Amino acid sequence: IKKSDVCPGYKVLDTSNRAEKHNKSRQKVDGGLYLNAEKPKSNRNCWFNQRVSFEWKRSDIEDNPFDDTPGHAFEATSELRKKNCGQIISYASEVLMRQHRCFHFTVVVFGLYAHIIRWDRSGAIVTKRINYKDEPHILCSFLWQFCHLSDEKQGYDSTAVLVEKGTPDFAVMKRASEKKVKTRSRVTKSARWKERTRSLEDTSSPSAERSTCWFLVNKPHFMAQGPTGRGTRGYDALDCVTGKFMFLKDTWRVDTDGFEKEGAVLKALNNAEVQNIPTVICHGDVRNQHTITHEYWLYPDPDAQNPMKGHAHYCLVEEEVGCSLSQFNTGQFLLKIVVDCLGAHEDAYTKLGILHRDVSAGNMLIVYRRVP
C-alpha cells in the first residue's frame, strides 16, 4: 500500500502491539487506515480516528471466519473460525461505539485472501473472498475510492460536528462543565470524548413548522454494546438556543411498519396529562440516515423470513435530566419513586391504553424539582 500510494492523504498503521491507554478492554485491531492529520502517535491503536479497520490472519482456510465453499453455510462453524469472527465483531463494535457513524468498513486478510465487510446497525455485508495476489486491483480499487470519498460517504454522521477549541461553542461547553447541576453527572471534560454539536429535524410539530434543533453534547452516560441493534447513547445536552440542560437520547429505531416512534408516544402521554413521565421537547429522524444491510440478505429458501430489520437514526430530547435510580438516599425515598412510577403506568393505561412492557431500574429516574 505504501509503495503504490493507493491511499493518498492517508496512512495504514500497524497497531497490533499497542492498545489505547484509556480503553479498559485493551482490545486492539491489527491495523487501521488513518487520515494523515489524525494518525495516532507511536502506532497506538485509536478507535476514535480509525477510518477502516484491518485484521490479519495467517492461514488461507483455518483462520477465515467465513466459508465460500458451495453448499456450506457462509458463517464458518469451526471453533477457531468462530473465535475469529467474534473478534472482528468486537472490533467493529468498538469503532461504532466510539465514533459518530452510520456504517464502517473492515478488511480481513487471511493468507492470500481477504474479505471486505460493511457494518451498519442492521448487520454486516461481506464480500466473497478476494485473492489479492492474483487480483490486487479489487482491494486497491476499494482503498483508492474510499480515500477519495467525503467523510459522510465514508460512513460518518455529518450531523455530529466536532466543537473546536477557541470557538464560541467550546467556551459554552467549558462554562457548563463548571456548573453544579443535579443530574446523572456534570457535563464533564473527557480525554476520550470530544464535544459535538448534534442536530436533528424536529418532527413533533406539523411539517410547515418543522425546524432543525441544535444541541451541544459531550461524553454519553451510557452506550449500548455491539455493532448491531439500536446502538443507544444517552447524553446531557445543552440547547444551543436557550442554554438549558436537557436529556438527549440518540438511537437507531426499528424502521418497520407498526413501530411507533418513542417521541410520538411520549407526546401523546404529555397531551393526555399523564403524570410522572418525561416532557418531550423535540424528536425526529436524523437527516434520512437508514441502514441498508437488511436489503442485501440472501437465503436459498425463498420462503424464509429475513431475520434482519431496517433501522433509522433517531433522536429524542426531553426536558427532564434525571439521576440514576441507584442514587436514592433512603428506603422510604426509593419506595416513593416506585409509587410515582406506578402512578404513571396507571395513568398511561387508564387514559390511553398504553403499557410500557419493559420496566427496569434503568427506565426509572429520579428528577429533582424545586418545591414552592
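Note that the structure is a prediction, hence the values are computed from the model and not measured.

Student: Tell me about the pairing of strand β6 (residues 123-126), and name the residues and values.
Tutor: Each regular strand carries side chains that alternate between the two faces of the sheet. For strand β5 (residues 113-120) and β6, the ladder comprises 4 bridges, and the chain directions are antiparallel. Paired with tryptophan 119 across the two strands is alanine 124, which belongs to β6. Between β5 and β6, which pair antiparallel one after the other, the connecting turn spans 2 residues.

Student: Residue-level account of the side chain of histidine 311, with values.
Tutor: Looking at the element boundaries, histidine 311 is found in strand β15 (residues 311-318). Here tryptophan 252 takes part through its backbone oxygen, which lies 3.1 Å from a polar atom of the side chain of histidine 311.

Student: Describe the packing of aromatic side chains, and please don't skip the residues or the numbers.
Tutor: Tallying each qualifying case throughout the model produces 8 aromatic pairs. Centre to centre, the rings of phenylalanine 54 and tryptophan 56 are 5.8 Å apart; their planes meet at 15°, and the pair counts as stacked. Looking at tryptophan 56, the relative accessible area reads 36%, which means it is partly exposed. Taken together, the ring pairs in this structure connect Phe103, Phe105, Phe142 and Phe146 into an aromatic cluster. Note that arginine 118 overlies the ring of phenylalanine 103, its terminal NZ or CZ placed 4.1 Å from the centroid.

Student: I'd love a proper account of the layout of surface pockets, names of residues and values included.
Tutor: Volume-wise, the largest pocket comes out at about 2,000 Å³. Counting only elements with at least two residues in the lining of the largest pocket, the list comes to β13 (245-254), α4 (262-271), β15, α5 (331-352) and β17 (365-366). The greatest single-element share of the lining of the largest pocket, amounting to 8 residues, is contributed by α5. Residues belonging to the lining of the largest pocket are distributed by class as follows: 27 nonpolar, 9 polar and 14 charged.

Student: Quick rundown of the pattern of salt bridges? Include the residues and the values.
Tutor: Summed over all chains, the structure comprises 12 salt bridges. Residue arginine 253 pairs with aspartate 255 through a salt bridge whose shortest N-O separation is 3.7 Å. Aspartate 255 gets classed as partly exposed once you look at its relative accessible area, which sits at 36%.

Student: Any details on the nonpolar core? Residues and values, ideally.
Tutor: If you look at the biggest cluster of nonpolar residues, it comprises 21 residues, and the most contacted ones within it are Cys7, Leu33, Val52, Phe54, Phe105, Val107 and Ile116. At the level of elements, β1 (10-14), β3 (52-57), β4 (104-110), β5 and α2 (136-147) are the ones that each hand at least two residues to this core. In terms of residue count, α2 provides more of this core than any other element does, 5 residues in total. With near-sequence residues (within four places) excluded, leucine 33 lies in contact with Cys7, Tyr10, Lys11, Val12, Asn49, Gln50, Arg51, Val52, Phe54, Phe146 and Cys147. Core analysis: the second largest hydrophobic core is formed by 11 residues, Cys213, Val217, Ala237 and Val286 among them.

Student: Any details on unusual backbone geometry? Residues and values, ideally.
Tutor: Negative phi values dominate among residues other than glycine, just as trans dominates among peptide bonds. Here arginine 287, not a glycine, exhibits a phi torsion of approximately 40°, which is positive. Looking at the secondary structure, you find arginine 287 in strand β14 (residues 280-290). Phi angles above zero are rare outside glycine, and asparagine 288 is one such case at about 55°. Locating asparagine 288 in the fold gives a position in strand β14.

Student: Hey, could you go over the pairing of strand β12 (residues 233-239) for me, with residue numbers and the actual values?
Tutor: Buried residues dominate β12, accounting for 7 of its 7 residues. The alternating pattern of β12 places Arg233, Tyr235, Ala237 and Asp239 and Gly234, Asp236 and Leu238 on opposite faces, both of which are buried. Two elements, strand β10 (residues 212-217) and β12, share 3 bridges in a ladder whose sense is antiparallel. Its bridge partner being in β12, phenylalanine 215 is matched across the sheet by aspartate 239. Two elements, strand β11 (residues 222-223) and β12, share 2 bridges in a ladder whose sense is antiparallel. The partner of phenylalanine 222 across the bridge, within β12, is glycine 234. Across 6 bridges, β12 lies against β13 in antiparallel orientation. Considered in β13, the bridge of leucine 238 is made with phenylalanine 245. Between the antiparallel neighbours β12 and β13 lie 5 residues, among them glycine 243 with a positive phi of about 75°.

Rules used in this analysis
Residues numbered from 1 in each chain as written. Predicted model: local features only at pLDDT ≥ 70, side-chain atom pairs only at ≥ 80, totals over all residues. Heavy atoms only, no water. Pairing = 2+ DSSP bridges. Helix = DSSP H or I, 4+ residues; strand = E, 2+ residues; numbered from the N terminus. Polar contact = N/O pair within 3.5 Å; in protein donor to acceptor, adjacent residues only side chain to side chain. Phe/Tyr/Trp six-rings, centres within 6.5 Å; stacked < 30°, edge-to-face > 60°. Buried < 20%, exposed > 50% of the residue type's maximum accessible area, 1.4 Å probe, protein only. Lys NZ or Arg CZ within 6 Å of the ring centre and 35° of its normal. 1 Å grid on protein atoms, 1.4 Å probe; cavity = no way out; pocket = protein on both sides within 12 Å on 5 of 7 lines; lining within 4 Å. Points joined across faces, edges and corners; volume = space filled by probe spheres on them. Nonpolar A, V, L, I, M, F, W, Y, C, P; charged D, E, K, R; others polar. Salt bridge = Lys/Arg side-chain N within 4 Å of Asp/Glu carboxyl O. Core = buried A, V, L, I, M, F, W, Y, C linked by side-chain atoms within 4.5 Å. Contact = heavy atoms within 4.5 Å.

Any functional reading would require information beyond the geometric quantities listed.
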